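# A look at the structure
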Amino acid sequence: MNVDTRVGSKYYWLSTFLGRDKLLRGVESLLFTVDRFGDLAGKGGNDTNACFGHPGSTPLVSSPGAPAPSSKGLSIFAVNEDGHLFERPSADKPIEGEPKNGPNNKAAWIDHGRPDNKQIVHPPGALINNSSLFVVVEDGRLFELKWLCNQTPGTWVDHGRPSPGVMIISAPSEAIYNSEFFVVGDNGRVYRHQNTGSQADPAWTWKDLNLPLSDDKMRAINIPQVVGPDSVFVVTDTGRLVDLERAGTGWTWANDYGQPFYQPVISATATSDSVYATTDYPDSHLTQLRPLPTPADELDQVEALRHTTVAKKLWVDYGYIPFKWNPASNDNYVNVVTSAGIMTAPSSQGHMALVFGKDGEAFAPLWDDSSKKWYWENLGYFCSDNGYFF
């Protein structure tokens, strides 16, 4: 994932695949999402919750967009039912004691409107230089919001479609080097959008990167996932994970990592060197495509999980969430119903992959150094007065 467009190096996101597509965005140990009531909610690494409500009388329907730092703190963007883009400034500084839909929370939102009066249909993405944010509208065009984080609405710039007759069907990926990012067209092809000029005098171009591995039966779906500056992963419509690699000034399809343990991937999330993938229902496991282990402690962590090698990388399987969510039933596990959001872990593993279970609570697989075993940590709900996430 691209560190150039993040606060520090801890900006991550999570997407769900039940109901509307939602993303969870975070900085350091603070994560954000839009809950089932259409309210912006946050959860801190110290297990504190923050409920920011929604602007006016219309709930939010998209996931939060890329967190944007400014002199006023962290701004979070999301889309409401009317297709407007709203900004919540100072989202890293909740108003002490303020109800989620209290007057101060209501007044804090900024309405950036709708580009060309078209509804925005995907979560915001591709933050460039902390001053431009890209969205996709109902007719498949890409628009750029230029803003200065100065409490006033920004201006919209039309970037059009990747090719005549091709509509964009994904949110934009994260940006690489503040100059290029990726989208998926309704023809299943991946397109790069790149600024070959300067920030002051931009010159944006489109590049068709073709179908994954030139196989007409493998169309790209979901949001392209950036893993470092030289690798982009996508999920195909057959549930396989494939990647693009930088080749000189261009990009080429490189590897087909298949389906983890013969289970189709339905959603994926990238970290700086790996991809977490959630498999399709009913076998809704959390899996990870990661580099081969080198230190002894990493080898212990891998050996404790089901694992297999493919194309010089390693699939590992964290499985279901072993938690009895319904005492009245015989269920002794919870299906993973989101892809993973990544935040700082309280152990030597460095980070933890946070997911939601079907009961609406957040969980994360953590490594216990003393027992040399993995366990699932229950992190609870994001907003106690909201209950379920969905």
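Residues numbered from 1 in each chain as written. Predicted model: local features only at pLDDT ≥ 70, side-chain atom pairs only at ≥ 80, totals over all residues. Heavy atoms only, no water.

Along its length, the chain carries two helices and 29 strands. Scored against the burial criterion, the 390 residues of the chain give a buried share of 55%. Only carbon and sulfur atoms are counted for the fraction: they give 49% of the accessible area of the chain, which is about 15,500 Å². (Helix = DSSP H or I, 4+ residues; strand = E, 2+ residues; numbered from the N terminus. Buried < 20%, exposed > 50% of the residue type's maximum accessible area, 1.4 Å probe, protein only. Areas by Shrake-Rupley, 256 points an atom, 1.4 Å probe, with all protein chains shown as cover.)

It is worth spelling out the packing of aromatic side chains at this point. Taken as a whole and assessed by the stated rule, the structure comprises nine aromatic pairs. Residues F134 and W204 carry aromatic rings whose centres are separated by 5.4 Å and whose planes lie at 65° to one another, so their mutual orientation is edge-to-face. With F134 in strand β11 (residues 132-136) and W204 in strand β16 (residues 204-208), this residue pair connects regions lying 70 residues apart in the sequence. Ring-pair connections join several aromatic residues into one group, and the members of that group are Y276, Y318, W367 and W374. The positively charged end of R306 is found above the aromatic ring belonging to F261, 4.2 Å away from the centroid. (Phe/Tyr/Trp six-rings, centres within 6.5 Å; stacked < 30°, edge-to-face > 60°. Lys NZ or Arg CZ within 6 Å of the ring centre and 35° of its normal.)

This next bit is on the sheet that holds strand β20 (residues 250-256). Strand pairing in a sheet relies on backbone hydrogen bonds, with the paired strands running either antiparallel or parallel. Read from one edge to the other, the open sheet built from four strands follows the order β17-β18-β19-β20, with strand pairing classed as antiparallel. Each having just a single partner strand, β17 (220-226) and β20 make up the two edges of the open sheet. Neighbouring strand axes in the sheet, compared pairwise and without regard to direction, differ in orientation by 30° on average. For strand β18 (residues 231-236) and strand β19 (residues 241-247), the ladder comprises five bridges, and the chain directions are antiparallel. Bridge pairing in β19 places V235 opposite L241. (Pairing = 2+ DSSP bridges. Axes fitted to C-alpha atoms, helices over the stretch in contact; angles between N-to-C directions.)

Further remarks concern the pairing of strand β27 (residues 351-356). Taken across its six residues, β27 has five buried, putting it largely inside the fold. As paired strands, β27 and strand β28 (residues 362-368) are joined by two bridges and run antiparallel to one another. The residue of β28 that forms the bridge with F356 is A362.

It is worth spelling out the sheet that holds strand β23 (residues 286-291) at this point. Taken in spatial order, the five strands of this open sheet run β21-β22-β23-β25-β24, and their pairing is antiparallel. The open sheet has two free edges, formed respectively by β21 (265-270) and β24 (306-310), since each of these has just one partner strand. Between one strand axis and the next, the sheet turns by 25° as a mean value, whatever way the strands run. Both β24 and strand β25 (residues 313-319) contribute to a ladder of five bridges, which runs antiparallel. From the neighbouring strand, T309 faces β25, where its bridge partner is L314.

What follows deals with the nonpolar core. Formed by 18 residues in total, the largest nonpolar core has its most connected members in Y276, L286, Y318, I321, A340, V355 and W376. The element best represented in this core is β25, accounting for three residues. Among residues more than four places away in sequence, those in contact with Y276 are S267, A268, T269, T271, L286, T287, Q288, Y318, A340, I342, H351 and A353. Counting residues in hydrophobic clusters, the runner-up holds 14 residues, among them I176, V190, V234 and V242. (Core = buried A, V, L, I, M, F, W, Y, C linked by side-chain atoms within 4.5 Å. Contact = heavy atoms within 4.5 Å.)

Counting the residues in the hairpin turn of β18 and β19 gives four residues, including G239, whose phi is positive at 80°. Direction of pairing for β19 relative to β20: antiparallel, over a ladder of six bridges. Bridge pairing links V242 to D256 in β20. Hairpin geometry of β19 and β20 is characterised by an intervening segment of two residues between the two adjacent antiparallel strands and by a positive phi of about 65° at G248.

Looking now at unusual backbone geometry. Note: most peptide bonds trans; most residues except glycine with negative phi. Of note, the phi angle at N129 is positive, near 55°, even though the residue is not glycine. Among the secondary structure elements, N129 is positioned in the loop between β10 (125-128) and β11. The exposure class assigned to N129 is partly exposed, which follows from its relative accessible area of 30%. Despite not being glycine, F261 has its phi angle at roughly 55°, a positive value. Within the secondary structure, F261 sits in the loop between β20 and β21.

Moving on, we get to the side chain of H285. Examined against the element boundaries, H285 turns out to sit in the loop between β22 (275-279) and β23. Among the polar contacts made by the side chain of H285, one reaches the side chain of D317 at a distance of 3.0 Å. Those residues in contact with H285 that sit more than four places away from it in its chain are A277, T278, T279, R306, D317, G319, Y320 and V336. (Polar contact = N/O pair within 3.5 Å; in protein donor to acceptor, adjacent residues only side chain to side chain.)

Right, let's talk about a negative patch on the surface for a bit. Taken together, the side chains of D297, D300, E303 and D369 make up a negatively charged region of the molecular surface. Mapped onto the elements, D369 comes out in the loop between β28 and β29 (373-380). (Patch = residues over 30% accessible without salt bridge, like charges linked within 9 Å, V, L, I, M, F, W, Y side chains within 5 Å. Salt bridge = Lys/Arg side-chain N within 4 Å of Asp/Glu carboxyl O. Lys, Arg positive; Asp, Glu negative; His and termini not counted. Charge placed at Lys NZ, Arg CZ, Asp CG, Glu CD.)

This part is about the pattern of salt bridges. Counted according to the given criterion, the structure contains eleven salt bridges. Its salt-bridge partner being D208, residue R189 comes within 3.2 Å of it at the nearest N-O pair. Of the two residues, R189 is situated in the loop between β14 (180-184) and β15 (190-195) and D208 in strand β16; the sequence distance between them amounts to 19 residues. Accessibility expressed as a relative area gives 26% for R189, which makes it partly exposed.

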